Amino acid sequence: MVIDPLSQRLLNGAGLTPASQGRGPVVLMYHSITSGDSAPDSRWAVSEKSFREQLRLLKSEGWHTVCVHDLEQRKALTPKSVVITFDDGFADNYENGLAHLLTIGFKATWFVVSGDVGGVSRWRDNDAPQRPMLNGTQLREMAAAGMEIGAHTRTHARLIELDQSTIDDEVRGSRQDLEDMLGHPVTSFAYPYGRFNEASIEAVRRAGFRVACTTRTGWLGSEPDPLRVRRVAVFANDDLSTFARKIVFADTNVSWSRMARYVTSRITSRLVGG
Ligand SMILES: [Zn+2]
């Protein structure tokens, strides 16, 4: 798998360009990792082959990973820091993803639906099939290997539709479930469906979480609130060049027409002395 020359050039300058300086890192969002190079069964799944190529590209270009809990203190971040996150806690992440992360020396953060640990995904999702979930033994092994385990509610709840006591049960309860299972503090959270409002943010704060991830797109540095961290989704059909441009621009829309508009605005701002 090769990356096109222009995306490669953009990636070479990523983290060092005025566009990204001081605004990184990019927080990547994955879900399911499907076996081998077979085509993923959902837009939100990535094949093992693609995932491995993406990790190798980052490694070969000198990137390193930090976990979500590192984002509270933004000190340890360099221009070539990147964050890898997985939502939901699917068992295929352990089977098809973990070994590649360990081989390459990368860390990642998992946001786990605590009520479905060791079972199957029971929430209803439009285009994703039901999947087996990580179990407690796997999660403890992953944590022992340096991976971060964060919470994603107990039932993959739409928090903005719930009353306060149910929100608290979903948010604080998921933290408690995971801490009981892991035996250490759980301080990172991700909002299911990326849906949040003031009430859910407050519940996350009350439950003691220090960092929480949304599905809003953009640089970490474009949002000062650590309970509204932005992420960039990686999709089934992203080729390596698309992936590279997502790292460069912290955006999910990295089509060439969008890139052309970006370059034009950069040239224009240079011409007018901006
Ligand atoms: Zn989710």
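Higher on the page you've got the structure.
**Student:** Is there a simple way to explain the overall build of the chain in this structure?
**Tutor:** If you tally the helices and strands in the chain, you get nine helices and ten strands. Relative to the globule expectation of 19 Å for 274 residues, the C-alpha radius of gyration of the chain, 18 Å, shows essentially globular dimensions. For the C-alpha atoms alone, the extent of the chain along its principal axes is close to 55 × 40 × 35 Å. Looking at the chain alone, contacts between residues at least 24 apart form 64% of all its contacts between residues at least 6 apart.

**Student:** I keep staring at unusual backbone geometry and nothing clicks. Help me out?
**Tutor:** Note: most residues except glycine have negative phi, and most peptide bonds are trans. Despite not being glycine, D88 shows a phi value in the positive range, around 90°. Tracing the chain through its elements places D88 in strand 5 (residues 81–88). Positioned with a positive phi, A250 is a non-glycine residue whose angle comes to about 50°. With respect to the helices, strands and loops of the structure, A250 is situated in the loop between helix 8 (240–249) and helix 9 (256–271). Taking the C-beta count within 10 Å as the criterion, A250 has 26 such neighbours and is therefore assigned buried.

**Student:** What's the story with the nonpolar core in this structure? I'm lost.
**Tutor:** If you look at soluble globular proteins, the nonpolar side chains tend to sit buried side by side. Residues L28, V112 and A212 are the most contacted members of the largest nonpolar core, which totals 70 residues. Discounting chain neighbours no more than four positions away, the residues touching V112 are G89, V117, L134, L139, I149, A151, H152 and L178.

**Student:** Would you take a moment to explain the packing of helix 6 (residues 164–182) against helix 7 (residues 198–206) for this structure?
**Tutor:** Relative placement of two packed helices is described by the angle separating their axes and the distance separating the axes. For the pair helix 6 and helix 7, interaxial distance at closest approach is 9 Å and the crossing angle is 45°. Classed by the angle they form, the pair helix 6 and helix 7 counts as oblique. The two elements helix 6 and helix 7 cross, and the hand of that crossing is right-handed. Packed against helix 6, whose contacting residues are Q164, I167, D168 and V171, the element helix 7 presents A199, S200, A203 and V204 at the interface.

**Student:** Please clarify how the environment of V171 should be interpreted in this entry.
**Tutor:** With respect to the helices and strands, V171 occurs in helix 6. Setting aside residues no more than four positions away along its own chain, V171 makes contact with T153, A203, V204 and A207.

**Student:** How should the environment of S174 be read in this particular structure?
**Tutor:** Within the secondary structure layout, S174 lies in helix 6. For S174 and F189, which are 15 residues apart along the polypeptide, the C-alpha to C-alpha distance reads 9.4 Å. Ignoring sequence-local partners within four residues, the contact set of S174 consists of S114, A151, H152, T153 and R154.

**Student:** Whenever I open this one, helix 6 confuses me. Can you help?
**Tutor:** Owing to its 3.6 residues per turn, the α-helix aligns residues three or four sequence positions apart on the same side. With 19 residues, helix 6 extends 27 Å from end C-alpha to end C-alpha; this agrees with the ideal 27 Å at 1.5 Å per step. If you look at helix 6, its biggest bend is around 25°, right at G173. For helix 6, the full list of buried residues reads I167, E170, V171, S174, R175, D177, L178 and M181. Residues of helix 6 that are buried in the fold lie against strand 6 (109–112), helix 5 (136–144), strand 7 (148–151) and helix 7. Directly after helix 6, the chain includes G183, whose backbone phi takes a positive value near 80°.

**Student:** What am I meant to see in the environment of T215 here?
**Tutor:** Positionally, T215 belongs in the loop between strand 9 (211–213) and strand 10 (232–233). Sequence spacing of T215 and N253 is 38 residues, and the spatial spacing of their C-alpha atoms is 14 Å. If we ignore the near neighbours within four places in the chain, the residues touching T215 are M29, G194, R231 and A233.

**Student:** Help me out: how do you make sense of the pairing of strand 5 in this one?
**Tutor:** Side-chain positions along a regular strand alternate between the two faces of the sheet. Burial of strand 5 is extensive: eight of the eight residues sit out of reach of the surface. Examined bridge by bridge, strand 1 (residues 26–30) and strand 5 share five bridges and lie parallel to one another. Note on strand 5: the bridge partner recorded for V26 is V82.

Conventions we followed
Residues numbered from 1 in each chain as written. Predicted model: local features only at pLDDT ≥ 70, side-chain atom pairs only at ≥ 80, totals over all residues. Helix = DSSP H or I, 4+ residues; strand = E, 2+ residues; numbered from the N terminus. Rg over C-alpha atoms; globule rule 2.2 N^0.38 Å. Contact = placed C-beta atoms within 7 Å. Buried ≥ 20, exposed ≤ 12 C-beta atoms within 10 Å, placed from the backbone. Core = buried A, V, L, I, M, F, W, Y, C linked by C-beta atoms within 7 Å. Axes fitted to C-alpha atoms, helices over the stretch in contact; angles between N-to-C directions. Parallel < 35°, antiparallel > 145°, perpendicular 65-115°, else oblique. Left-handed = near helix turned anticlockwise from the far one by under 90°. Expected span 1.5 Å × (residues − 1). Bend = angle between axes of the 7 residues up to and from the residue. Pairing = 2+ DSSP bridges.

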